[in-house]
Amino acid sequence: MINKINKYSNKNIIHTIDELLRRLSNLLAIAGSIFAIFVLLMQIRKIETYNFYIANYEKIINIITICFIFILLDQIRIAPRKLYIIVPIIQILGLLLVNFFSKKYYETDSSRIIWVIAGSVLFFLIIVINWLRLSYSKFTLYQLIIASFIFVITLGSLLLYLPLSTVSGSINFIDALFTATSAVCVTGLTVIDISKELTFFGRIVLIILIQIGGLGIMSISAIVLLFSVSKGSVQDRIRTLEMFNTQNKDIIRSTIKVIFLATFIIEFAGAISLFTVFNNDSSAKLGEKIFSSLFHSISSFCNAGFSLYSDSLHRYSNNITITATVCLLIIFGGIGYPVILTVFFAIKNKIMRKKYMIDMQTSIVLFTTFILLLFGFLFIFFNEYNGALNGLSLREKILVSAFQSINPRTGGYETISYSSMNSVTIGIVIFLMFVGASPSGTGGGVKTTTLFVFVSSIITAITNRPFIVVRGRKIKESAVNKSVAIFTLAMAISAFAALLIFYIDGYKIMTPVLFEAVSALSTTGLSLGITPSLSIWSKIIVMFLMFIGRVGYLTLFMSVGSIDRSRYGLIDLPTGDVTIG
């Protein structure tokens, strides 16, 4: 009996110590992250000989080291071995990378100052990982997604704000924040010319942000959160499984592997195809050609629209290899991983003469995508034949029309300026941007499935049918309600934001402003040339639009609060009749 009491007492003591360490770790994490952000912000200008950091270098390093070791030890205590094996590798690579590029910009005590910069950046990353791990159970799924986006955008902004990221060594923070937001949200709108303003380090930061945004913060964070299935609480496990709509954690692992593998294979193939053209440019070095190929391949597949050329891809308007490669990358990225895999296995089974089945969503995505691409191509070709396409050969007119039709589907590139097109064509382009890509893809917009269900619901109402039927299957009423809600929200947000920008900046014509608003909300990245001239408040509005477009309309609003299903699920309420129309 006494032994049992002693064991129980020992467990209480251990639990109390563990809880004390956990709370102390949280407090230190908050203090340390604030200090790390402060150190980062203070590194935005070139270091001089008698700078505060050189004078107090030892104290700063000691504080960062103590905080870092404490957090790392606590993380090792609560995390599985796989996680803290990966972290030091990331630290070493990041340190070597930043140290290599910093020598060019810090002539005085560069070996010392770089430890402050690299230490603060890597410490910030550790804080984010540790904080997510400790606080995961306190967040809803929607809040976690939004918090992850904000973390990556914040870190990306700070990195782009560093002097080694820009040629001039200085950039306005609002511009750095705008560029980082556009990259993580895979939009492509930019207030600076990245081909001239960003250094090689800045471009690497940019393409990493694009890749993270393209893969999806959900997929990235799932690598860390996946450990919760084995080590976390019951609530951790439920929410991690809920993220992938499955009850089997092995499916999550396989899904993540397939997503990453498919992404890198497609991007690598695209880079090789682009390199065959870029390699003919005798003015560029081999390393620049390789990086340019990888950059544009990743940017295309992620539907980001960032280019290392100041004129986007105008110089390649008559090049069939560039046109075909970029268009295919945009389409593959836009239709989404589930559709790619379904089509792949369907083709494989067809060749092997096995049975296969294409699900309803894949059919809707492929059908709607094909109709929109064909409609956009034919409209631009015939409507601009003697307009923006005038003077081009028939071959170039076809290539340009196809390219300009595909890129409004959140691609973001252009081979001729959209501002040269007439207002009717611009209206069609706005519609194509508004629709955007497909669910689970790298693009934005209201999505092809939303358009299909929305239009089908209108047809169903006109024909007085009870429900929507596709390939012998009835579409759920909840899907119809969501499609109407998303369509309405997207139109309302676009119109309201355009009006705000119109009055804040004092524009006289609404078309370029509406074009900009829809482009930002759909994460397309096309512009009629007004992006660099936006005021600070208009830039903030555009950033907010890009953020909404990437995280999703329903995700944003569901993060504020969830429905109390107990009020509606237990008792069936009386039905009321309302006259419509």
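Scoring rules and cut-offs
- Residues numbered from 1 in each chain as written.
- Predicted model: local features only at pLDDT ≥ 70, side-chain atom pairs only at ≥ 80, totals over all residues.
- Heavy atoms only, no water.
- Helix = DSSP H or I, 4+ residues; strand = E, 2+ residues; numbered from the N terminus.
- Buried < 20%, exposed > 50% of the residue type's maximum accessible area, 1.4 Å probe, protein only.
- Contact = heavy atoms within 4.5 Å.
- pLDDT = per-residue confidence, 0-100.
- Polar contact = N/O pair within 3.5 Å; in protein donor to acceptor, adjacent residues only side chain to side chain.
- Expected span 1.5 Å × (residues − 1).
- Salt bridge = Lys/Arg side-chain N within 4 Å of Asp/Glu carboxyl O.
- Axes fitted to C-alpha atoms, helices over the stretch in contact; angles between N-to-C directions.
- Parallel < 35°, antiparallel > 145°, perpendicular 65-115°, else oblique.
- Left-handed = near helix turned anticlockwise from the far one by under 90°.
- Nonpolar A, V, L, I, M, F, W, Y, C, P; charged D, E, K, R; others polar.
- Phe/Tyr/Trp six-rings, centres within 6.5 Å; stacked < 30°, edge-to-face > 60°.
- Lys NZ or Arg CZ within 6 Å of the ring centre and 35° of its normal.
- Patch = residues over 30% accessible without salt bridge, like charges linked within 9 Å, V, L, I, M, F, W, Y side chains within 5 Å.
- Areas by Shrake-Rupley, 256 points an atom, 1.4 Å probe, with all protein chains shown as cover.

(A) Structural detail: the overall build of the chain. Each helix and strand in the chain was counted, giving 25 helices and two strands. Put simply, the chain has 581 residues, and 52% of those count as buried. Within the chain, residue pairs in contact and separated by at least 24 positions form 71% of the contacts whose partners lie at least 6 positions apart.

(B) Layout of the confidence of the model for the chain. Summary statistics for the chain give a mean pLDDT of 75 and a share of 64% for residues scoring 70 or more. Segment residues 101–112 is flagged for pLDDT under 50; beyond a separation of four residues in sequence, or across chains, it makes 23 contacts in the model.

(C) Representation of unusual backbone geometry. Phi angles above zero are rare outside glycine, and threonine 410 is one such case at about 75°. When its relative accessible area of 0% is taken as the criterion, threonine 410 is described as buried.

(D) Representation of the side chain of serine 300 in the model. Position of serine 300 relative to the elements: it lies in helix H14 (residues 286–301). A polar side-chain atom of serine 300 sits 2.6 Å from the main-chain carbonyl oxygen of histidine 296. Aside from chain neighbours lying at most four places away, what touches serine 300 is Val326, Leu329, Ile330 and Tyr413.

(E) Main features of helix H7 (residues 173–184). The terminal C-alpha atoms of H7 lie 16 Å apart, and with 12 residues this matches the ideal 16 Å at 1.5 Å per residue to within 8%. Of all 12 residues that make up H7, 10 are buried, and the element is covered over most of its length. Every buried residue belonging to H7 is among Ile174, Asp175, Ala176, Phe178, Thr179, Ala180, Thr181, Ser182, Ala183 and Val184, and all of these are buried.

(F) Looking closely at the pattern of salt bridges. Going through the model one piece at a time under the given rule, you end up with two salt bridges. Close ionic contact of aspartate 175 with lysine 539 constitutes a salt bridge, the shortest N to O distance being 2.9 Å. One end of the pair, aspartate 175, is in helix H7; the other, lysine 539, is in helix H23 (residues 536–551), and 364 residues separate them in sequence. Overall, aspartate 175 belongs to the buried group, its relative accessible area being 10%.

(G) Quick peek at the packing of helix H17 (residues 360–383) against helix H19 (residues 423–435). Where H17 contacts H19, the axes come no closer than 10 Å and their chain directions differ by 165°. For the element pair H17 / H19, the angle class is roughly antiparallel. In the crossing of H17 with H19, the sense of the turn from one axis to the other is left-handed. Packed against H17, whose contacting residues are Leu372, Phe375, Gly376, Phe379, Ile380 and Asn383, the element H19 presents Val424, Thr425, Ile428, Phe431, Leu432 and Val435 at the interface. Residues of the contact of H17 with H19, tallied by class, amount to nine nonpolar, three polar and no charged.

(H) Structural view of the packing of aromatic side chains. Inspection of every chain in the model, using the stated rule, returns 17 aromatic pairs. Between phenylalanine 381 and phenylalanine 382, the aromatic rings sit 5.1 Å apart at their centres with planes inclined by 85°, giving edge-to-face as the arrangement. Judged by relative accessible area, which is 11%, phenylalanine 381 ranks as buried. With relative accessibility at 59%, the residue phenylalanine 382 sits in the exposed group. An aromatic cluster is defined as three or more aromatic residues linked by ring pairs; in this entry it consists of Phe377, Phe381, Phe382 and Tyr385. Above the face of the tyrosine 385 ring, lysine 397 is positioned so that its terminal group lies 3.5 Å from the ring centre.

(I) Representation of the packing of H14 against helix H15 (residues 320–335). Two elements in contact, H14 and H15, have axes whose closest approach is 7 Å; the angle formed by their N-to-C orientations is 40°. Taken together, the axis directions place H14 and H15 in an arrangement best described as oblique. Contact residues: Ser297, Ser300 and Phe301 in H14; Val326, Leu329, Ile330, Phe332 and Gly333 in H15. Grouping the constituent residues of the contact of H14 with H15 by class yields five nonpolar, three polar and no charged.

(J) Main features of a nonpolar patch on the surface. On the surface, a nonpolar cluster with roughly 610 Å² of combined accessible area is contributed by Phe367, Phe370, Ile371, Leu374, Leu378 and Phe382. When you line up the elements, isoleucine 371 lands in helix H17. Judged by relative accessible area, which is 38%, isoleucine 371 ranks as partly exposed.

(K) Seen up close, helix H16 (residues 337–351). Here H16 is 15 residues long and its end C-alpha atoms lie 21 Å apart, about the 21 Å a rise of 1.5 Å per residue gives. Here H16 has its buried residues at Tyr337, Val339, Ile340, Thr342, Ala346 and Asn349. Arginine 353 sits one or two residues past H16 and shows a positive phi near 60°.

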